[in-house]
Amino acid sequence: MEVVVANKKDIRKLSLSQIKEFLVEKGEQGFRAKQIYEWLWKKSVQSFDEMTNLSKKMREALDENFEIRAVTVAEKQVSSDKTIKSSFQLFDQNLVEGVLIPADDRMTACVSSQVGCSLTCKFCATGYMDRKRNLDPAEIYDQVVRIRDQAEEHYQTPLTNIVYMGMGEPLLNYANVLQSIEHITSPEGLGMSPKRITVSTAGIAKMIKKLGEDEVKFNLALSLHAANDVKRNQIMPINESNTLEALKEALQYFYKKTGSRITLEYIVFYRFNDTLEDARELWQFAKQFPCKINIIEYNPIAEANYTNTDPLTLEKFAKFLEEKGMVVNVRRSRGKDIDAACGQLAGKKKTEN
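Rules used throughout
Residues numbered from 1 in each chain as written. Predicted model: local features only at pLDDT ≥ 70, side-chain atom pairs only at ≥ 80, totals over all residues. Heavy atoms only, no water. Helix = DSSP H or I, 4+ residues; strand = E, 2+ residues; numbered from the N terminus. Buried < 20%, exposed > 50% of the residue type's maximum accessible area, 1.4 Å probe, protein only. Contact = heavy atoms within 4.5 Å. Polar contact = N/O pair within 3.5 Å; in protein donor to acceptor, adjacent residues only side chain to side chain. Salt bridge = Lys/Arg side-chain N within 4 Å of Asp/Glu carboxyl O. UniProt positions renumbered as here; feature names shortened; annotations may be inferred. Pairing = 2+ DSSP bridges. Axes fitted to C-alpha atoms, helices over the stretch in contact; angles between N-to-C directions. Patch = residues over 30% accessible without salt bridge, like charges linked within 9 Å, V, L, I, M, F, W, Y side chains within 5 Å. Areas by Shrake-Rupley, 256 points an atom, 1.4 Å probe, with all protein chains shown as cover. Lys, Arg positive; Asp, Glu negative; His and termini not counted. Charge placed at Lys NZ, Arg CZ, Asp CG, Glu CD. Left-handed = near helix turned anticlockwise from the far one by under 90°. 1 Å grid on protein atoms, 1.4 Å probe; cavity = no way out; pocket = protein on both sides within 12 Å on 5 of 7 lines; lining within 4 Å. Points joined across faces, edges and corners; volume = space filled by probe spheres on them. Nonpolar A, V, L, I, M, F, W, Y, C, P; charged D, E, K, R; others polar. Phe/Tyr/Trp six-rings, centres within 6.5 Å; stacked < 30°, edge-to-face > 60°. Lys NZ or Arg CZ within 6 Å of the ring centre and 35° of its normal.

Draft legend 1. Examining the environment of N219 more closely. On the secondary structure map, N219 appears in strand β11 (residues 219–223). Under the relative-accessibility criterion, N219 is labelled buried at 18%. Excluding residues that lie within four positions of it along the chain, N219 makes contacts with P194, K195, I197, T198 and V199. Among the polar contacts listed, one links the side chain of N219 to the backbone oxygen of K195, at a separation of 2.9 Å.

Draft legend 2. The pattern of salt bridges, seen in detail. Scanning the model with the defined rule gives 14 salt bridges in all. Note that D136 is salt-bridged to K13, the shortest N-O span being 3.5 Å. In this pair, D136 sits in the loop between β8 (133–134) and α4 (137–155) while K13 sits in the loop between β1 (9–10) and α1 (16–25), placing the two residues 123 residues apart along the sequence. A relative accessible area of 16% means that D136 is categorised as buried.

Draft legend 3. Fine view of the UniProt feature "active site" (unreviewed entry) in the protein. Within this structure's numbering, the places UniProt gives as "active site" (unreviewed entry) are E97 and C342. Counting through the fold element by element, E97 comes out in strand β5 (residues 95–102). Under the relative-accessibility criterion, E97 is labelled buried at 0%.

Draft legend 4. The sheet that holds strand β14 (residues 328–331), seen in detail. An order of β3-β4-β5-β6-β9-β10-β11-β12-β13-β14 is seen for the ten strands of this open sheet, with the pairing classed as mixed. The sheet is open, and its two edges are formed by β3 (72–78) and β14, each paired on a single side. For this sheet the average axis-to-axis angle between neighbouring strands, irrespective of direction, equals 20°. Those strands touched by helix α9 (residues 276–286) are β11, β12 (262–267) and β13 (291–296), and its axis lies near 165° from that of β12.

Draft legend 5. Spatial organisation of a negative patch on the surface. Judged by side-chain charge, D49, E50, E60 and E64 come together as a negatively charged surface patch. With respect to the helices, strands and loops of the structure, E60 is situated in helix α3 (residues 56–65). For E60, a relative accessible area of 40% puts it in the partly exposed group.

Draft legend 6. Structural context of the packing of α9 against helix α10 (residues 311–323). Put simply, α9 and α10 touch, their axes get as near as 9 Å, and they point 35° apart. Our pair here, α9 against α10, has a crossing hand that is right-handed. Between α9 and α10, the residues in contact are L276, D278, A279, R280, L282 and W283 and K316, F317, F320 and L321, respectively.

Draft legend 7. Fine view of α9. Every buried residue of α9 is accounted for by D278, A279, E281, L282, W283, F285 and A286. In this structure, the buried side of α9 is in contact with β11, α7 (229–235), α8 (244–258), β12, β13 and α10.

Draft legend 8. Layout of empty space enclosed by the protein. This structure, assessed with the given rule, holds two cavities of 30 Å³ or more. In this structure, the second largest cavity encloses a volume near 40 Å³. Forming the walls of the second largest cavity are V268, I295, I296, E297, N308, T309, L314, V330, R331 and R332. At the level of elements, β13 and β14 are the ones that each hand at least two residues to the lining of the second largest cavity. Here the lining of the second largest cavity is built from residues that sort into five nonpolar, two polar and three charged.

Draft legend 9. Highlighting the packing of aromatic side chains. Enumeration over the complete set of coordinates arrives at ten aromatic pairs. Arranged with centres 6.0 Å apart and planes meeting at 70°, the rings of F272 and Y306 form a pair that is edge-to-face. Taken together, the positions of F272 in the loop between β12 and α9 and Y306 in the loop between β13 and α10 put the pair 34 residues apart, joining distant regions of the chain. Among the residues examined, F272 registers a relative accessible area of 13% and is labelled buried. Judged by relative accessible area, Y306 falls into the partly exposed class, the value being 21%. Site record: aromatic cluster; members linked through ring pairs are F123, F269, F272, Y298 and Y306. Note that R12 overlies the ring of W41, its terminal NZ or CZ placed 5.6 Å from the centroid.

Structure below.
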């Protein structure tokens, strides 16, 4: 059994300058800090022994003082449609889930930002879990790395896109999410374009405004699912304190500050929000700022009684919006047979200790 030293620090919580300070204190050359930083982020090593251009003495000093809290794949399931769901084990034995979604024109990683969630959306499996804690930037980053490796191993294709649409509400883990994106987009990290990254929120108005103030370069998606407050309150309690009016103002501000078109995500539930009047309300909300609408197929969960609308109703709903000049995409579910589809992530799989 491995003995964990209590006073070891997570080295990936240190900045480049802090690593340099440690080395200088140990009588080592400061330029080595950049090499260590590259091993940690660009090469994503999981142990100090892998840092082969460092002396054995230096690696031992790092190992005595620090640890790399690498995220590991506890379990992996491959869907009949080639979607891969992974249960990721964190250093404290908590589990989160992430998904690789292959398509003809892209290879997308869906990552989690929290262990559980505090928002209790009625149609989402994660919403029925407690929120245990926020993920650190490195834990989010590691999910991307593991999913990237799966894309290359299984499909010989590089990762092209990242969506923060897994477990948790990203804007309630604001600083860590933004720091993870900094590492993902940095030349010293994965070097991905921020325009290939989408952060999805259930709708925290003041944090959407903060994204605008910070002039972020990545894309923003709002999980809307109903365009009147009465219905949205029923399925998304967060709407009671973040009304559609407040969200409209926040999204207008975000667009003004960033110039980025917003994506509205809308699950069409059978006999709940699937009428032409619902479509009209969605259009009236959506026309107030530049956006596109993703209509998402619902994926039933055991905890809720919602079902997906029928194909004809879905077609009429989408056609109404298109005739109003909206950009509409109908997204078909992926990975349903392994509970990897949108709204199904719940960390169900447990590992043996």
